[in-house]
Amino acid sequence: MVGPGTKLTRWAAPISVAILLTACGGASAPDDPFRWLEESGNPRVTSWVEGENTKTLGVLQQDPRFAANLNDAQQAGRSPDRLPTPKIIDGEVYNFWQDPDHGRGIWRKTSVADYEAAQPNWVTVLDIDALARDEGKNWVWQGADCSPVTESHCLISLSEGGEDAATIREFDTHTRRFVADGFVLPRGKQLTSWSDDDTVLVSREWQPGELTTSGYPYVVKTWQRGQPLEAAIEVSRGEKTDMRSEPLVAADGDGHRVSLVARSPSFFEHEYSLITATGLRRIALPPKSAPIGLVGNRLLVQLDQQWSTAGTEFPAGSLVSLDAGDLGSDQPRATAVYTPGPQDSLQDVSATRDGVVVTALHDVRAQVTVYHPRPDGTWAAAPVALPDNASVTAGATDAHGALAYLTVDSFLTPPALWRLDTTTARAEVAKSTPPQFDPSPYVVEQQHATSPDGTVVPYFVVHRAGTALDGTTPTILTAYGGFGIAQTPHYEPTLGMLWLRHGGALVLANIRGGGEFGPAWHEAALTTHRQRAYDDFAAVGKDLVARKITSPQRLGITGRSNGGLLMGVEFTQHPELWNAVDIGVPLLDMLRYEQIAAGASWVGEYGSVDVPEQRDFLASISPYEQLKQGTAYPEPFVWTTTKDDRVGPQHARKFAAKLASFGAPYLFYEPSTGGHRGSTNIDDQATITALRYTYFMRKLM
């Protein structure tokens, strides 16, 4: 959702390294003996999981290195020096914070001036631990969306155990209480956006079964304050075969608002309609595009495909603006804000009152530019001077002023918060965090591998300076390769504390399927072309061995979600190339993925078993299908969470059970909470981290 002072993001962008992943149609082999592990709430499944957890924890937690790994991971997670990520609401800085005294977390605020001080005087607005205790719920914070009018009334999303489904309740930041008789939405996968202080647009399961095959809502209604939920008035109704429908309200600091409905027939294709007093009016935007904010009554739109309108052509990967008064035109007049070059990729867009902050990549290196609207409708560009070879993430912005924050970090440099004045495009450090490990012994290099079809694939290597190129360095290789999500260098304290200082190396590969080089880099690995991403990853692994950075005996790989699918494919296609494979919250049964959790959402990315050519391809790469008895596989660490209602734990369970039926070695772990993120608090995250690094130490060191 887009609102005043918030980061402007694509509505369909997956979280984190995390993405919207789960299933549609089709079936695995008819004699699948492990289908029963897909059943939710089955006592037999619960017993199986408990038994597997006991075996795995008995191995990893008993390793003499685990206790130290857990202590270091907890120390990193609990550090009071962590950078408090800001969000500007109603002229104040808000932050959600977890520490040993606030395991579930507190939502807190302070002034802008105080926030930039060494020790801010935070005021707690909402204590999730106290709320969970008082209500007897396992509440997990899922975020706050505040009204674009007064900004003091916010819709708070809370989930039980970390699942995507949430309960939404109206909260008053001035009184610091939930609003009596305010807006309340019972648990569900639902999407909301404020129209004004007394009106909320809601997409949810209004009647039993009113969900798409992906498990998301497709009916949008407008709900007035004081009315029962049943009295909400329908605005838009999509199709059950769609991915979902969502309300969007874009607002700027001058009080302009544009209310839209985004109907998504698939994950990457959308139809946008303007909500007017007389009904919906279709906006003639291309299917692969995303409105991401409003500045000076100009709607900002990211293009993931080439677009010709009103005699002007814009390349894929551009950011354009449209006058809000022209949105109903058959050929709306668009103006270029940002246009990418061949090695460029648009990453983040955020806005102040009169400036648009664009973060882009050039050869996987971050660049930031501020754009200002000119009276003639064009935009003036002002580059921002920031450290080179660093990752930059757009942070909080003030929709009523010129203040923006950027987070700058790298593999070896801890996050620093830069204050950006969008009027002058000048930036300076506002807050910095001390390093949690000594970076001086290490270096970062960018190398390139060549995929079988000749494509050059860049990758980063982090290792100790002067490391001998004799193939003995324990190395972890990771990538994502999906959904147009770029992977860039970021600071991770546990990488230094648990891996680098023990002599290990890390490799981050920028394979196709990601967004490192714009829409074309992503589309090169869609559906039946996905083997290109897997070939890219294997090519990087082979290049590491050829350069004698490491060897198959010392090379491990790791990935989560879509990255977990990547790990499963590499496990089955190249078992000889790795000695450790960490497979987190993964998709693995690609003939059943559409039937599990939200899997039907991703047909645009993976294809469907209902299309013969795509089914054949899915069968050929599906890790669950491709497991073969008698193959010498490395011992994998497969982990998931019971509360993952996005990808679902079924994939990981069945994969482990099939390995067990072969008598093949494996480790499996499934905590009962955590959702698709894998954890809900600092200590749970530390446990997963310690288990993973202990596994890698056992296999590679």
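Computed from a predicted structure; not experimentally measured.

Draft legend 1. The nonpolar core, seen in detail. Counting 66 residues, the largest nonpolar core has L477, F537, V540, L544, W602 and Y606 as its most contacted members. Ranked by size, the runner-up nonpolar core spans 38 residues in total, among them F437, I476, L498 and L700.

Draft legend 2. Layout of the domain arrangement of the protein. Domain annotation for the protein reports domain 1 (81-188), domain 2 (347-435) and domain 3 (442-700). If you look at the interface, domain 2 gives 15 residues, while domain 3 gives 20 residues. Carbon and sulfur atoms supply 65% of the area buried between domain 2 and domain 3, which totals about 1,500 Å² over both sides. Summed over the three residues of domain 2 that lose the most area to domain 3, namely V364, F411 and L412, the buried surface amounts to 52% of that side. Of the residues belonging to the side of domain 2 that touches domain 3, the class tally is seven nonpolar, five polar and three charged.

Draft legend 3. Looking closely at the packing of aromatic side chains. Summed over the entire model, instances satisfying the criterion amount to 27 aromatic pairs. With centroids separated by 4.9 Å and ring planes inclined at 5°, the aromatic side chains of F96 and W141 adopt a geometry described as stacked. Of this pair, F96 sits in strand 3 (residues 92-99) while W141 sits in strand 6 (residues 139-146), and the two are 45 residues apart along the sequence. Relative to Y491, the ring of F437 has its centre 5.3 Å away and its plane inclined at 5°; by these criteria the two rings are stacked.

Draft legend 4. Local environment of the packing of helix 1 (residues 43-60) against helix 13 (residues 682-700). One can describe the packing of helix 1 onto helix 13 by two numbers: an axis separation of 10 Å at closest approach and a directional angle of 60°. Crossing angle aside, the handedness with which helix 1 passes helix 13 is left-handed. Contact residues: helix 1 offers L57, V59 and L60, while helix 13 offers L691, T694, Y695 and R698. Residues belonging to the contact of helix 1 with helix 13 are distributed by class as follows: five nonpolar, one polar and one charged.

Draft legend 5. Summary view of the environment of C154. One can find C154 in strand 7 (residues 153-160). By relative accessible area, which is 0% here, C154 ends up buried. Spatially, the C-alpha atom of C154 lies 50 Å from that of P665, the residues being 511 residues apart in sequence. Ignoring any residue separated from it by four or fewer positions in sequence, one finds C154 in contact with W107, A144, D145, C146, R169, E170, F171, T173 and W194.

Draft legend 6. Highlighting the sheet that holds strand 37 (residues 555-560). Pairing is mixed across the open sheet formed by eight strands, whose spatial order is 33-34-36-35-37-38-39-40. Looking at the sheet topology across the chains shown, the edges are occupied by strand 33 (442-450) and strand 40 (667-669). On average, each strand axis in the sheet is inclined to that of its neighbour by 15°, with strand direction left out of account. Strand direction decides the pairing type here: strand 38 (residues 580-584) and strand 39 (residues 636-639), joined by four bridges, are parallel. The partner of G584 across the bridge, within strand 39, is W639. Where helix 7 (residues 531-546) meets the sheet, it contacts strand 33, strand 34 (456-464), strand 35 (475-478), strand 36 (505-509) and strand 37, and its direction lies at approximately 45° from that of strand 34.

Parameters and conventions
Residues numbered from 1 in each chain as written. Predicted model: local features only at pLDDT ≥ 70, side-chain atom pairs only at ≥ 80, totals over all residues. Heavy atoms only, no water. Core = buried A, V, L, I, M, F, W, Y, C linked by side-chain atoms within 4.5 Å. Buried < 20%, exposed > 50% of the residue type's maximum accessible area, 1.4 Å probe, protein only. Domains from an automatic or database assignment. Contact = heavy atoms within 4.5 Å. Buried area = accessible area lost by both parts, 1.4 Å probe. Nonpolar A, V, L, I, M, F, W, Y, C, P; charged D, E, K, R; others polar. Phe/Tyr/Trp six-rings, centres within 6.5 Å; stacked < 30°, edge-to-face > 60°. Helix = DSSP H or I, 4+ residues; strand = E, 2+ residues; numbered from the N terminus. Axes fitted to C-alpha atoms, helices over the stretch in contact; angles between N-to-C directions. Left-handed = near helix turned anticlockwise from the far one by under 90°. Pairing = 2+ DSSP bridges.

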